[in-house]
Amino acid sequence: MLSVLLITFPFFALVLCGYLAARRGVLPQPAIPGLNAFVLYFALPCMLYRFGASTPIAQLLDPAVAGVYVLCALVMVGATVALTRNARIGWNDAAFGALVAAFPNTGFMGVPLLVALLGAQSAGPAIVTIVVDMVITSSLCIALSRLDGAGTHGVGVALKNAFKGMATNPMPWSIALGALASALQFKLPGPVDKTIAMLADAASPVALFTIGAVLARSQMNQHEQVPARDYVPVALAKLLVHPLLVWGAGTAAMALGVPLTPFALTVMVLLAALPSASNVSLLAEKFGANNGRVARIILVSTALAFLSFSAAVALLT
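Going by an unreviewed UniProt entry, the protein carries the name Permease and comes from Acidovorax delafieldii.

Right, dumping it as structure tokens:
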């Protein structure tokens with residue numbers, strides 16, 4: 001356990017550094033969108049491209065990983081909506097609570113963390129789950145959030161906006177280009193490859209620092225009171241129920257003869273054990289959900305994940 005903590009500590013320490021920098025005013029709030037843009041549009045796409053280009057195409061197109069992960073995401077979304085929707089929490093808030101329960105912080109935290117723990121071969125299953133969460137899980141929850149019927153937007157408009165968001169998101173395109181490069185065994189020219197490598201190396205530290213800053217900003221900008229019963233159970237479900245569900249579904253799939261490797265299942269379980277994705281807070285704000293509740297789920301899951309994720313690593317590796 002101590003050896004695992006020695007590896008995971010720097011990742012969570014960088015999140016804490018970003019959080020404290022924003023809370024103390026060392027990092028001005030207007031600077032946070034710039035950091036986020038650098039990670040989203042420059043550093044992280046370069047990192048994903050490099051992983052995609054260096055990963056065998058068969059790992060990037062693994063239907064067993066995608067199928068098991070999609071099934072678990074659908075169960076998490078359905079169960080969270082069913083258990084949290086009530087007189088106070090409508091479709092909009094329930095849907096984004098479900099998204100934050102089913103969408104781990106794979107891009108900003110999971111890929112660099114698992115590569116450090118398990119090696120570069122873990123990038124293949126991780127990239128598959130990123131695509132599932134961005135294309136299927138996010139679109140489903142955004143569509144569900146429109147079922148309240150408040151306003152003029154319907155499910156069709158929500159789906160249109162979701163697909164528009166995916167089309168302008170550089171992460172899927174960088175994954176696709178990396179997969180294409182892997183299939184064609186294409187190599188970038190030396191100076192271009194070096195530039196891509198420098199940006200990719202910046203992705204992990206800047207992304208983790210930015211996560212902390214975003215969490216601090218969300219906490220500072222939310223003044224309404226949110227009962228603990230509205231966010232603590234969802235955070236615990238993300239850290240405990242989600243990885244157990246993935247482990248159970250993956251184990252059952254392997255027993256039924258699905259060609260899912262034990263290593264891929266380990267990667268999937270550890271990804272599910274990650275804290276909630278910080279970008280869900282931005283989506284919740286955009287679609288008018290209770291962003292205070294979503295931000296608290298992300299904050300609690302990130303704080304607790306230092307121990308829960310490290311324990312999961314110790315158990316599985």
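*Asks:* What is the right way to read the overall build of the protein from this model?
*Replies:* A count of helical and extended segments in the protein gives 14 helices and zero strands. The linear arrangement of helices and strands in the protein, starting from the amino end, is α-α-α-α-α-α-α-α-α-α-α-α-α-α. For a compact globule of 317 residues, the expected C-alpha radius of gyration is about 20 Å, and the protein comes in at 19 Å, within 12% of that figure. Counting every position in the protein, which comprises 317 residues, the buried fraction comes to 52%. Across the protein, the fraction of contacts at a sequence separation of at least 24, relative to all contacts at a separation of at least 6, is 85%. Roughly 13800 Å² of accessible area belongs to the protein as shown, and the carbon and sulfur atoms make up 71% of that amount. Both charge centroids of the protein, one from 16 positive and one from 9 negative side chains, sit 4 Å from each other.

*Asks:* Explain the pattern of salt bridges to me, please; I cannot follow it from the model alone.
*Replies:* Pairs may arise between side chains of opposite charge once their charged atoms sit close together. Applying the stated rule across the entire model yields two salt bridges. Linking Arg88 and Asp230 is a salt bridge whose minimum nitrogen-to-oxygen distance equals 2.6 Å. In this pair, Arg88 sits in the loop between α4 (63-84) and α5 (91-102) while Asp230 sits in the loop between α10 (190-221) and α11 (232-255), placing the two residues 142 residues apart along the sequence. Judged by relative accessible area, Arg88 falls into the partly exposed class, the value being 44%. Asp230 gets classed as buried once you look at its relative accessible area, which sits at 8%.

*Asks:* Whenever I open this one, the packing of aromatic side chains confuses me. Can you help?
*Replies:* A ring pair, where both rings are aromatic, is described by two values, the distance of the centres and the angle of the planes. All told, the structure shown has three aromatic pairs when counted by the stated rule. When the ring of Phe12 is compared with that of Phe306, the centres are 5.6 Å apart and the planes differ by 70 degrees; the resulting orientation is edge-to-face. Of this pair, Phe12 sits in helix α1 (residues 2-23) while Phe306 sits in helix α14 (residues 291-316), and the two are 294 residues apart along the sequence. An angle of 20 degrees between the planes, with centres 6.4 Å apart, marks the rings of Phe38 and Phe42 as stacked. Here Phe38 and its partner Phe42 are both found in helix α2 (residues 32-54), four residues apart, which amounts to about one turn of the helix. Phe38 sits in the partly exposed class, given a relative accessible area of 28%. For Phe42, a relative accessible area of 47% gives the class partly exposed. Aromatic ring contacts, followed pair by pair, group Phe9, Phe12 and Phe306 into a single cluster.

*Asks:* Any chance you could explain α1 here in plain terms?
*Replies:* One full turn of an α-helix is made of 3.6 residues, so residues set three or four places apart face in the same direction. When the terminal C-alpha atoms of α1 are compared, their 30 Å separation across 22 residues agrees well with the 32 Å that a helix rising 1.5 Å per residue should span. Of all the bends in α1, the largest measures some 40 degrees and sits at Thr8, one to four residues before the proline Pro10. By the burial criterion, the buried members of α1 are Val4, Thr8, Phe11, Phe12, Ala13, Val15, Gly18, Tyr19, Ala21 and Ala22. Where the residues of α1 are buried, they touch α2, α6 (106-118), α10 and α14.

*Asks:* In this structure, what is going on with the packing of α2 against helix α9 (residues 170-184)? I would like to understand it.
*Replies:* Angle between the axes and distance between the axes: these two values describe a pair of packed helices. Relative to each other, α2 and α9 sit at 25 degrees, their axes nearing to 7 Å. Relative to α9, α2 is oriented roughly parallel. Considering only the axes of α2 and α9, their crossing is right-handed. Contacts between α2 and α9 involve Leu40, Tyr41, Leu44, Pro45, Leu48, Tyr49, Gly52 and Ala53 from the former and Pro170, Met171, Ser174, Ile175, Leu177, Gly178, Ala179, Ala181 and Ser182 from the latter.

*Asks:* Which parts of the structure should I look at to understand the side chain of Arg217?
*Replies:* With respect to the helices and strands, the residue Arg217 is situated in helix α10. Residues in contact with Arg217, not counting those within four places in the same chain, are Gln29, Ile32, Pro33 and Leu282.

*Asks:* Where do I start with the state of the cysteines in this structure?
*Replies:* Counted under the stated rule, the structure contains zero disulfides. With no disulfide of its own, Cys72 lies 15 Å from the sulfur of Cys141, the closest cysteine sulfur. Judged by relative accessible area, which is 1%, Cys72 ranks as buried.

*Asks:* Would you explain the packing of α1 against α10 in this entry?
*Replies:* Interhelical geometry of α1 versus α10 gives an angle of 45 degrees and a closest axis separation of 7 Å. Relative to α10, the element α1 lies oblique. Between α1 and α10 the crossing geometry is right-handed. Along the contact surface, α1 presents Phe11, Leu14, Val15, Cys17, Gly18, Tyr19, Ala21, Ala22 and Arg23, while α10 presents Ser204, Pro205, Leu208, Phe209, Ile211, Gly212, Ala213, Leu215, Ala216, Gln219 and Met220. Residues that form the contact of α1 with α10 fall into these classes: 15 nonpolar, four polar and one charged.

Analysis parameters
- Residues numbered from 1 in each chain as written.
- Predicted model: local features only at pLDDT ≥ 70, side-chain atom pairs only at ≥ 80, totals over all residues.
- Heavy atoms only, no water.
- Helix = DSSP H or I, 4+ residues; strand = E, 2+ residues; numbered from the N terminus.
- Rg over C-alpha atoms; globule rule 2.2 N^0.38 Å.
- Buried < 20%, exposed > 50% of the residue type's maximum accessible area, 1.4 Å probe, protein only.
- Contact = heavy atoms within 4.5 Å.
- Areas by Shrake-Rupley, 256 points an atom, 1.4 Å probe, with all protein chains shown as cover.
- Lys, Arg positive; Asp, Glu negative; His and termini not counted.
- Charge placed at Lys NZ, Arg CZ, Asp CG, Glu CD.
- Salt bridge = Lys/Arg side-chain N within 4 Å of Asp/Glu carboxyl O.
- Phe/Tyr/Trp six-rings, centres within 6.5 Å; stacked < 30°, edge-to-face > 60°.
- Expected span 1.5 Å × (residues − 1).
- Bend = angle between axes of the 7 residues up to and from the residue.
- Axes fitted to C-alpha atoms, helices over the stretch in contact; angles between N-to-C directions.
- Parallel < 35°, antiparallel > 145°, perpendicular 65-115°, else oblique.
- Left-handed = near helix turned anticlockwise from the far one by under 90°.
- Disulfide = S-S within 2.5 Å.
- Nonpolar A, V, L, I, M, F, W, Y, C, P; charged D, E, K, R; others polar.

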